[in-house]
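What follows is the residue order along each chain.
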Amino acid sequence: MTEAPATIIVIDDDPEIREALGSLLRSVGFAVNLLASVGDFLRSGRPNGPTCLVLDVRLPGQSGLDFQLELSRENIQLPIVFITGHGDIPMSVKAMKGGAVEFLTKPFRDQDLLDAVHVGLARDRAWLENEKALATVRARFDSLTPREREVMALVVTGRPNKQIAGDLGVSEITVKVHRSQVMQKMGTRSLPELARMADKLMLAPGKPQTQL
């Protein structure tokens, strides 16, 4: 499938700066959304495909740093390049500790912004790929029966079939059958690969495995 086009979202309350940044980003082929406030972003939503946010620190209403904190609290992944005309060291440290790609003080070089945006998009592409892979693993896990999920959680710890049978109070042959079904449904023939899938799903033996 063709990847959705990359989009750069610019949030700055100065219309001249917004348009200048929009022209720069469009000149190198990016789709651009120009917004005046965090509220505008919340109303428009995040586009599909790789995205990077170019965010002014000082904004009417919710500030850029406050918005970064809100995204973090909500566990929303969105690479941010901060721009500001009134930056200081504590502010930049706070932004970078919060996971910002870059903190640029106006006026900044066009290339510095473009470089930061490319880094942000690379991060987002990697995150989207990971989420896509995780969704596939979750769908396969959902196809397992409750007993198969229990067996999977124990198999990936390295326990032999005989011990798993004892843990679950079933016969060893039953464990072998469930183990075979787990490997087939999860789409793997390798125990290390199955263990990596379990890590992604954060499975743990002894915990109910009916839901993630």
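Note that the structure is predicted; figures quoted are calculated from it, not measured.

Caption draft 1: Here's a closer look at the domain arrangement of the protein chain. For the protein chain, the assigned domains are domain 1 (7-130) and domain 2 (144-201). Once you take the C-alpha centre of each, domain 1 and domain 2 turn out to be 44 Å apart.

Caption draft 2: Focus on the environment of Glu150. Tracing the sequence through the fold places Glu150 in helix H6 (residues 146-155). When the C-alpha atoms of Glu150 and Leu134 are compared, they prove to be 20 Å apart, with 16 residues separating the residues in sequence.

Caption draft 3: Region of interest: the pattern of salt bridges. Under the counting rule described, the total for this entry stands at 8 salt bridges. Among the ionic pairs, Arg46 bridges to Asp124, the shortest N-O distance being 2.4 Å. Taken together, the residues span a long stretch of sequence, with Arg46 in the loop between helix H2 (38-44) and strand S3 (51-56) and Asp124 in helix H5 (residues 110-142) at a distance of 78 residues. Classification of Asp124 by relative accessible area gives buried; the value is 0%. Ionic pairing is found between Arg159 and Asp167, a salt bridge with its closest N-O pair at 3.2 Å. By relative accessible area, which is 26% here, Arg159 ends up partly exposed. Among the charged side chains, a network of salt bridges with common partners joins Asp12, Asp56 and Lys106.

Caption draft 4: Spotlight on helix H7 (residues 161-168). Buried within H7 are the following residues: Asn161, Ile164, Ala165 and Leu168. Within H7, the buried residues cover an arc of 105° as seen down the axis, which keeps them to one side. For H7, the exposed residues set more than 90 degrees away from the buried face come down to Lys162 and Gly166. Lining the buried residues of H7 we find H6 and helix H8 (172-186). Following H7 by one or two positions, Gly169 adopts a phi angle in the positive range, close to 70°.

Caption draft 5: Representation of the sheet that holds S3. Here 5 strands make up an open sheet; going across it, the order is S2-S1-S3-S4-S5 and the pairing parallel. Only two strands of the sheet have a single neighbouring strand rather than two, namely strand S2 (31-35) and strand S5 (102-105). Averaged over all adjacent pairs, the angle separating strand axes in this sheet is 20°, with direction ignored. Along the sheet face, helix H3 (residues 64-73) touches S3 and strand S4 (80-84) and points at about 165° away from the line of S4. Against the sheet, helix H4 (residues 89-97) contacts S4 and S5, and its axis sits at roughly 155° relative to S5.

Caption draft 6: Representation of the UniProt feature "domain: Response regulatory" (unreviewed entry) in the protein chain within the structure. When the UniProt feature table is mapped to this numbering, "domain: Response regulatory" (unreviewed entry) covers residues 7-121. Annotated as residues 7-121, this span is 44% helix and 22% strand, and its ends, taken at the C-alpha atoms, are 9 Å apart.

Caption draft 7: Inspection of helix H9 (residues 191-201) at higher detail. Residues Leu194, Met197, Ala198 and Leu201 constitute the buried set of H9. When H9 is viewed along its axis, its buried side chains cluster within an angular range of 100° and face the same direction. Those residues of H9 that are exposed and aimed more than 90 degrees away from the buried face are Arg196 and Asp199. For H9, the secondary structure elements touched by its buried residues are H5, H6 and H8. A side-chain oxygen of the first residue of H9 lies 3.3 Å from the backbone nitrogen of Glu193; this N-cap is Ser190. Downstream of H9 by one or two residues, Met202 has phi in the positive range, about 55°.

Caption draft 8: Layout of the packing of aromatic side chains. All told, the structure shown has 2 aromatic pairs when counted by the stated rule. On the basis of an interplanar angle of 70° and a centroid distance of 5.5 Å, the ring pair of Phe41 and Phe67 is categorised as edge-to-face. A residue pair is termed long-range when its members are at least 10 positions apart, and Phe41 in helix H2 and Phe67 in helix H3 qualify at 26 residues. Classification of Phe41 as buried rests on a relative accessible area of 7%. The buried category is assigned to Phe67, whose relative accessible area is 1%. Measuring from ring centre to ring centre gives 6.2 Å for Phe82 and Phe103, while their planes differ by 45°; the resulting arrangement is tilted. Taken together, the residues span a long stretch of sequence, with Phe82 in strand S4 and Phe103 in strand S5 at a distance of 21 residues. Of the two residues, Phe82 and Phe103, neither departs from the other in class, the shared state being buried.

About the cut-offs
Each chain has its residues counted from 1, following the order in which its sequence is written. For a predicted model such as this one, the threshold for reporting local features is a pLDDT of at least 70, and the threshold for listing and counting side-chain atom pairs is 80 or more; totals across whole chains, interfaces and linings nevertheless cover every residue. Heavy atoms from the whole structure form the basis of all side-chain values; hydrogens and water molecules are not counted. What counts as a domain boundary in this text is fixed by an automatic or database domain assignment. The numbering of helices and of strands both runs from the N terminus, where a helix is a DSSP run of H or I of at least 4 residues and a strand a run of E of at least 2. Any Lys or Arg side-chain nitrogen located within 4 Å of an Asp or Glu carboxyl oxygen qualifies as a salt bridge. Classification of residues uses two cut-offs on accessible area relative to the type maximum, computed with a 1.4 Å probe and protein chains only: under 20% is buried, over 50% is exposed, and between them is partly exposed. Here the arc refers to the directions that run from the helix axis out to each C-beta atom. Any two residues whose heavy atoms approach within 4.5 Å at even a single point are treated as in contact. When DSSP finds at least two bridges between two strands, those strands are taken to pair. Angular values range over 0 to 180 degrees, each being the angle between N-to-C directions of two axes fitted as lines to C-alpha atoms, with helices fitted over their stretch in contact. UniProt positions are given in the numbering used here, feature names are shortened, and annotations may be inferred rather than shown by experiment. Definition of a polar contact: a pair of N or O atoms within 3.5 Å, with one able to donate and the other able to accept a hydrogen when the atoms are protein atoms, and with sequence-neighbouring residues admitted only if both atoms are side-chain atoms. Within 6.5 Å between ring centres, the rings of Phe, Tyr and Trp (the latter by its six-membered ring) count as paired, and their orientation is classed by plane angle as stacked under 30 degrees, edge-to-face over 60, tilted in between.

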